[in-house]
Amino acid sequence: MNNRKQLIFFICSVLSFLCATAQKVQPLVTISNPLHHTRIQQVISLPWSELKKNLRDIDTSRFSVVNRKTGKILTHQWETLGTGTIQSLLIHLPLAAKEQLQLGYTLKDATRPSAKVFGRHVPERKDDFAWENNRIAFRMYGKALQSTNENAHGIDVWVKRTDELVIDKWYQSGDYHTDKGEGLDYYSVGATLGAGDLSFFTNDSVFYPGNYSRWKILDKGPIRFSFQLTYDSVEFNKQYIQIIKTITLDAEAQLNRITVEFLAPNLQQHLAVTGIALRKGCGILNQNEQKGIITYWEPTDPKNGTTGIALIDTSGNKKIIQVRKQVGMQLLLKNQIPYTYYAGACWDKAGKIHSMEEWQSYIAQLYLELKQPLTIIFNVQPIKYATSPPANQKMNQ
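What counts, and at which threshold
All residue numbers here refer to positions counted from 1 along the written sequence of the relevant chain. Reporting in this predicted model follows two pLDDT cut-offs: at least 70 for local features of residues, and 80 or more for side-chain atom pairs to be given and counted; totals over whole chains, interfaces and linings ignore these cut-offs and use all residues. Only heavy atoms go into the side-chain values, all of them from the structure, while hydrogens and water stay out. A run of H or I in DSSP becomes a helix once it reaches four residues, and a run of E becomes a strand once it reaches two; helices and strands are each numbered from the N terminus. In this scheme, a residue with accessible area under 20% of its type's maximum is buried, one over 50% is exposed, and one in between is partly exposed, where area comes from a 1.4 Å probe on protein chains only. Contacts were defined at the residue level, with two residues in contact if any of their heavy atoms lie within 4.5 Å. Residue burial considers only the protein chains on display, and all accessible areas are found by Shrake-Rupley using a 1.4 Å probe. As used in this record, nonpolar core signifies buried Ala, Val, Leu, Ile, Met, Phe, Trp, Tyr and Cys residues forming a set joined through side-chain atoms within 4.5 Å. Only when DSSP finds a minimum of two bridges between them are two strands counted as paired. Each axis is a line fitted through C-alpha atoms, and for a helix only the stretch in contact is used; angles between axes span 0 to 180 degrees, taken between their N-to-C directions. A pair of Phe, Tyr and Trp rings is counted when the ring centres sit within 6.5 Å of each other, with Trp represented by its six-membered ring. The angle between the planes then sorts it: under 30 degrees is stacked, over 60 is edge-to-face, the rest tilted. Distance and angle both matter: a charge sits over a ring if NZ of Lys or CZ of Arg is within 6 Å of the ring centre and within 35 degrees of the ring normal.

K.L.:
I'd love a proper account of the overall build of the protein, names of residues and values included.
P.N.:
Helix and strand counts for the protein stand at five helices and 27 strands. Looking at the 397 residues of the protein, the share that counts as buried comes to 52%. Here the analysis covers contacts within the protein between residues at least 6 apart in sequence; of these, 69% occur between residues at least 24 apart. Entry remark: accessible area of the protein is about 18800 Å², with carbon and sulfur atoms responsible for 49%.

Structure representation (structure tokens):
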């Protein structure tokens, strides 16, 4: 009996040691903001290829990221990019001007944070695909809409003045063209690229390849939503071309990150254009071809306020053009070479950005962040267990 008690005591001691060790905050990374302003981009991506060198046996379901100075638990997300295996660790982390933070990690049961992003295919509304964060919402159109007199092509904007996620609620109500205190859809797309879509360009005209035919959600949140839209192959200039668009929206962001790839067996490159629909009236348009920035402050709607639209292209391969009530960046797309740019919107009634000057300032800051990324030093250390880690502490790699 004494031997049995001693064995039980020994097992309990080992488990207690393991739990205490697992809950100790371990070094992870040091992150520095080189800019003289608080960063607009608040979702930080750390490549799993670097982290897994010392985190191979960590239980990701119990993993928490900690601000080592304050002890605060930070919201994080394991990004898979639709592969089913971890590609990156995403952390929601506002950084002040010139701020440096040391982050750590610990293993303990944690509550799931509230999602700040959402999106889904909407078959009940003729194949819409809608997505949003806590600031703004967007949608694009599927094949079911293409054969109707409601057909439209580009990116639609749903303006919001609530931090709540509203897509499901608005679709369920069927009445999202009236502001009932949360925002509305009053943006008009029609036969344009809307709020920053991309298509092919020839003979001074935009070629619309039709609406998307297939969709795939890559990551669902809570701080980053990403998805992919695939378009049917269409004949264009005697060549068959297929377009694939990957769109990412982070919590707090006004702009989407959009990556486009075209596939054409016999075509190496072709002109394309990213575009913004222009309106009648006294809108304010600002263009900086050298930096690849277009901002547009639409004419104010007497009832619904003002929407701002913007494009950012940091690639250096662009030319700003205006064609048929649209303004955009003309570029050369190469076969099977992904092209990435940023496009999005704001609304003055949301209470975040109130004027063209503030919208330009926001976009200018975002441009600087894209050109001057964070400084990241990996100092992750493995947890040193007294024995092998418990059998349930395995991570999906």
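K.L.:
Tell me about the nonpolar core, residues and numbers included.
P.N.:
Counting residues in hydrophobic clusters, the biggest one holds 52 residues, and the most contacted among them are W131, F138, V157, F200, L333 and Y341. A per-element tally of this core places strand β26 (residues 339–347) first, with five residues. Apart from the residues within four sequence positions on either side, V157 is in contact with I136, A137, F138, D185, Y187, A195, I309 and A345. If you look at the next biggest cluster of nonpolar residues, it comprises 24 residues, including V29, I44, L89 and I91.

K.L.:
Which residues make up the sheet that holds strand β2 (residues 43–47), and what values go with them?
P.N.:
Spatially, the three strands line up as an open sheet ordered β2-β6-β5, and their pairing is antiparallel. Both edges of this open sheet fall to β2 and β5 (76–79), since each of them pairs with a single strand only. Strand after strand, the sheet turns through a mean of 25 degrees between neighbouring axes, direction not considered. Where β5 and strand β6 (residues 88–92) come together, four bridges link them in antiparallel fashion. Considered in β6, the bridge of H76 is made with I91. Running over the sheet, helix α2 (residues 48–55) touches β2, β5 and β6 and is turned about 65 degrees from β2.

K.L.:
Just give me the short version of the packing of aromatic side chains, but keep the residues and values in it.
P.N.:
How two aromatic rings sit relative to each other is given by the distance of their centres and the angle of their planes. Within the structure shown, the criterion is met by 18 aromatic pairs. When the centroid spacing of 6.0 Å and the interplanar angle of 50 degrees are considered together, the rings of F129 and W215 count as tilted. Of this pair, F129 sits in strand β9 (residues 128–133) while W215 sits in strand β15 (residues 214–220), and the two are 86 residues apart along the sequence. The class for W215 is partly exposed, based on a relative accessible area of 38%. Ring centres of Y339 and Y341 lie 5.5 Å apart, and the angle between their planes is 20 degrees; this geometry places the pair in the stacked category. One exposure class covers both Y339 and Y341, and it is buried. Three or more aromatic residues joined by ring pairs make a cluster, and in this case those are F129, W131, F138, W215, F225 and F227. A cation sits over an aromatic face here: R279 above Y187, 4.4 Å from the ring centre.

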